[in-house]
Amino acid sequence: MAYPDKFEGFQAPSKENWLDFQKGSWEPRPFGDYDVDIKIEACGVCASDKHTIDGDWGDCPYPLAVGHEVVGKVLKVGSKVSLVEVGQRVGVGAQVYSCLECRQCKNDNETYCTKQIDAYGAPYLDTGFTTQGGYSSHTRIHEYWVYPIPENVSSPDAAPMLCAGITMYSPLKRLGAGPGKKVGIVGIGGLGHYGVMFAKAMGAEVWAISRSRSKEADAKKMGADGFLATSEKGWNEPHKMTFDIIINTANSFDGFELSEYLSLLDIHGKWNSVGLPGGDGITVRNQDFLANGCYIGSSHLGSRKEMLEMLQMVSEKGISSWVEEIPISKEGLQEAMNKLAKSSVRYRSCMVGFDKAFGA
């Protein structure tokens with residue numbers, strides 16, 4: 001299988017014109033012994049993509065192709081690659097490198113490595129190259145961060161799981177979601193819908209928590225055992241101190257009363273936030289978690305071990321993403337970004353049609 005000397009992609013040209021995606025090309029970094037070249041066929045759309053290129057999270061190196069939920073076919077492998085083969089369908093998530101030598105890396109915590117490199121907008125070691133993301137024709141990735149995709153999981157289904165899915169699977173697994181546990185998922189969106197489906201697949205009692213009941217029917221179809229609408233007076237009263245785990249995916253803290261949510265947790269229950277809204281965040285007071293001694297924390301993606309576990313669970317239990325497919329183009333990406341801004345996607349967008357955009 002042939003591949004070009006340069007990769008192509010739809011890049012945001014500047015902060016001022018971040019929606020004016022332009023097709024550009026770049027020379028990939030030098031090919032290494034552990035590298036894998038992938039021809040992309042699908043890429044999920046994450047709120048992180050928008051926050052990066054619209055300047056919400058600060059400066060980034062333009063022109064930049066974002067996208068970090070990639071699925072495609074392996075075209076070439078380095079001489080020391082042993083984890084994947086040419087022709088195999090694989091996925092790549094939001095992290096593309098860690099040192100693999102530090103304490104964190106050796107304990108299946110490589111997403112917390114101090115030398116970790118993001119899928120886009122990051123200097124790649126000392127090569128002089130900046131990573132470009134998955135709204136592109138191809139990508140070049142170290143084999144450790146490349147994951148075989150099960151045959152019975154479609155590419156558009158699998159792609160969003162490589163960031164949104166693993167972001168939910170890892171804390172659910174680490175915090176012990178399973179039979180006998182009551183789990184709450186705050187925010188039923190691109191992240192939260194995986195939280196509901198995964199927690200249910202793990203055997204937990206699952207409650208969806210949202211501002212209104214507009215998504216209640218969907219949440220029940222995903223497997224939620226119950227639904228709480230935080231706009232309703234006294235919404236938390238019947239469930240105080242009954243939850244073991246709550247995963248917060250909220251993309252806005254407007255009107256967010258943290259103390260009301262924390263009151264749901266049982267003694268030493270766990271609150272884990274994975275959403276990354278812009279703005280100044282929320283105020284945390286010690287009094288808010290004193291009454292039940294609950295713990296507040298966060299998590300970042302998930303290890304290779306957890307990624308493979310998640311994909312196996314999805315394959316075995318027949319879990320499907322609630323995904324909207326959009327052909328990749330300037331207009332397609334603008335549509336996806338506008339849906340993110342309006343929170344109108346149900347519940348994750350995935351760019352497809354890469355052969356048409358970049359050639360077979």
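Looking at an unreviewed UniProt entry, one finds the protein named alcohol dehydrogenase (NADP(+)), with Stachybotrys chlorohalonatus as its source organism. UniProt's Catalytic activity (unreviewed entry) comment on the protein is quoted here verbatim: "a primary alcohol + NADP(+) = an aldehyde + NADPH + H(+)". Regarding the protein, the UniProt comment filed under Subunit (unreviewed entry) reads as follows: "Homodimer."

Concerning the packing of aromatic side chains
Where two aromatic rings form a pair, the distance of their centres and the angle of their planes describe that pair. Taken as a whole and judged by the stated rule, the model has nine aromatic pairs. Between Trp235 and Tyr261 the ring centres are 5.2 Å apart and the planes differ by 55 degrees, which places this aromatic pair in the tilted class. Residue Trp235 is found in the loop between β12 (226-229) and β13 (243-248), and its partner Tyr261 is found in helix α6 (residues 258-262); the two are separated by 26 residues along the sequence. One exposure class covers both Trp235 and Tyr261, and it is buried. Among the aromatic residues, ring-to-ring pairing joins Phe10, Phe354 and Phe358 into one connected group. Taking NZ or CZ as reference, Lys182 lies 5.1 Å from the ring centre of Trp207, over its face.

Re the nonpolar core
Ranked by size, the top nonpolar core spans 90 residues in total, and within it Tyr135, Phe198, Met310, Ile328 and Met351 carry the most contacts. Residue assignment places this core across two domains, with domain 1 (7-163 + 322-358) and domain 2 (165-298) each supplying three or more. The next biggest cluster of nonpolar side chains, apart from the first, holds 16 residues, and it includes Trp235, Leu258, Leu262 and Leu264.

A closer look at the domain arrangement of the protein
What the domain assignment reports for the protein is domain 1 (7-163 + 322-358) and domain 2 (165-298). One C-alpha centre belongs to domain 1, the other to domain 2; they are set 28 Å apart. The interface of domain 1 with domain 2 comprises 16 residues on the first partner and 18 residues on the second. Buried area between domain 1 and domain 2, both sides added, is near 1,400 Å², and the carbon and sulfur share of it is 50%. Considering only the side of domain 1, the residues that lose the most area to domain 2 are Met161, Trp322 and Tyr347, jointly responsible for 47% of the buried surface there. Summed over the shared surface of domain 1 and domain 2, the result is zero salt bridges. For the pair domain 1 and domain 2, the interface holds 11 residue pairs in polar contact (both at pLDDT 80 or more). The residue inventory of the side of domain 1 that touches domain 2, partitioned by class, reads eight nonpolar, three polar and five charged.

Side note on the environment of Val274
By the element assignment, Val274 lies in the loop between β14 (265-273) and β15 (295-298). Judged by its relative accessible area of 9%, Val274 falls in the buried class. Distance in space between the C-alpha atoms of Val274 and Ala229 is 20 Å, their sequence separation being 45 residues. Setting aside residues no more than four positions away along its own chain, Val274 makes contact with Thr167, Met168, Pro171, Leu191, Ile247, Asn248, Thr249 and Ser299.

What about the pattern of salt bridges?
Tallying each qualifying case throughout the model produces 18 salt bridges. Ionic pairing is found between Lys173 and Glu309, a salt bridge with its closest N-O pair at 2.8 Å. One end of the pair, Lys173, is in helix α3 (residues 164-174); the other, Glu309, is in helix α7 (residues 304-317), and 136 residues separate them in sequence.

Observations regarding the sheet that holds strand β11 (residues 205-210)
Reading across from one edge, β12-β11-β10-β13-β14-β15 is the order of the six strands in this open sheet, with parallel pairing throughout. Edge positions in the sheet fall to β12 and β15, since each has one partner strand and no second. Strand-to-strand, the axes of this sheet are offset by a mean angle of 20 degrees, without reference to chain direction. Bridging between β14 and β15 involves four bridges; their strand directions are parallel. Note that in β15 the partner of Lys270 across the bridge is Tyr295. Each of β10 (182-186), β13 and β14 is contacted by α3, which is oriented at about 160 degrees to β13, the strand it contacts most.

Quick word on the pairing of strand β4 (residues 70-77)
For strand β3 (residues 35-45) and β4, the ladder comprises seven bridges, and the chain directions are antiparallel. Directly across from Cys43, in β4, lies its bridge partner Val70. Where β4 meets strand β5 (residues 89-92), four bridges bridge the pair, whose relative direction is antiparallel. Bridged to Val71 within β5 is Gly91.

Re the side chain of Arg29
Positionally, Arg29 belongs in the loop between β2 (22-26) and β3. A distance of 2.6 Å separates a polar atom in the side chain of Arg29 from a polar atom in the side chain of Asp35. Residues within four places of Arg29 in sequence aside, it is in contact with Asp35, Tyr124, Thr127, Phe129, Arg140, Ile141 and His142.

A closer look at unusual backbone geometry
Between Tyr62 and Pro63 the backbone carries a cis peptide bond, its omega angle lying at -10 degrees. With respect to the helices and strands, Pro63 occurs in the loop between α1 (47-53) and β4. Between Arg346 and the following residue, Tyr347, the backbone shows a cis peptide bond with an omega angle of -5 degrees. In this structure, Tyr347 sits in the loop between α8 (330-342) and β17 (348-352). Residues other than glycine seldom take positive phi values, yet Leu100 does so here, at roughly 65 degrees. Structurally, Leu100 is set in the loop between β6 (95-97) and β7 (117-118). In this structure Leu100 comes out as partly exposed when scored by relative accessible area, which is 26%. Unlike most non-glycine residues, Leu125 shows phi in positive territory, near 50 degrees. Structurally, Leu125 is set in the loop between β7 and β8 (138-142).

Analysis parameters
- Residues numbered from 1 in each chain as written.
- Predicted model: local features only at pLDDT ≥ 70, side-chain atom pairs only at ≥ 80, totals over all residues.
- Heavy atoms only, no water.
- UniProt positions renumbered as here; feature names shortened; annotations may be inferred.
- Phe/Tyr/Trp six-rings, centres within 6.5 Å; stacked < 30°, edge-to-face > 60°.
- Helix = DSSP H or I, 4+ residues; strand = E, 2+ residues; numbered from the N terminus.
- Buried < 20%, exposed > 50% of the residue type's maximum accessible area, 1.4 Å probe, protein only.
- Lys NZ or Arg CZ within 6 Å of the ring centre and 35° of its normal.
- Core = buried A, V, L, I, M, F, W, Y, C linked by side-chain atoms within 4.5 Å.
- Domains from an automatic or database assignment.
- Contact = heavy atoms within 4.5 Å.
- Buried area = accessible area lost by both parts, 1.4 Å probe.
- Salt bridge = Lys/Arg side-chain N within 4 Å of Asp/Glu carboxyl O.
- Polar contact = N/O pair within 3.5 Å; in protein donor to acceptor, adjacent residues only side chain to side chain.
- Nonpolar A, V, L, I, M, F, W, Y, C, P; charged D, E, K, R; others polar.
- Pairing = 2+ DSSP bridges.
- Axes fitted to C-alpha atoms, helices over the stretch in contact; angles between N-to-C directions.

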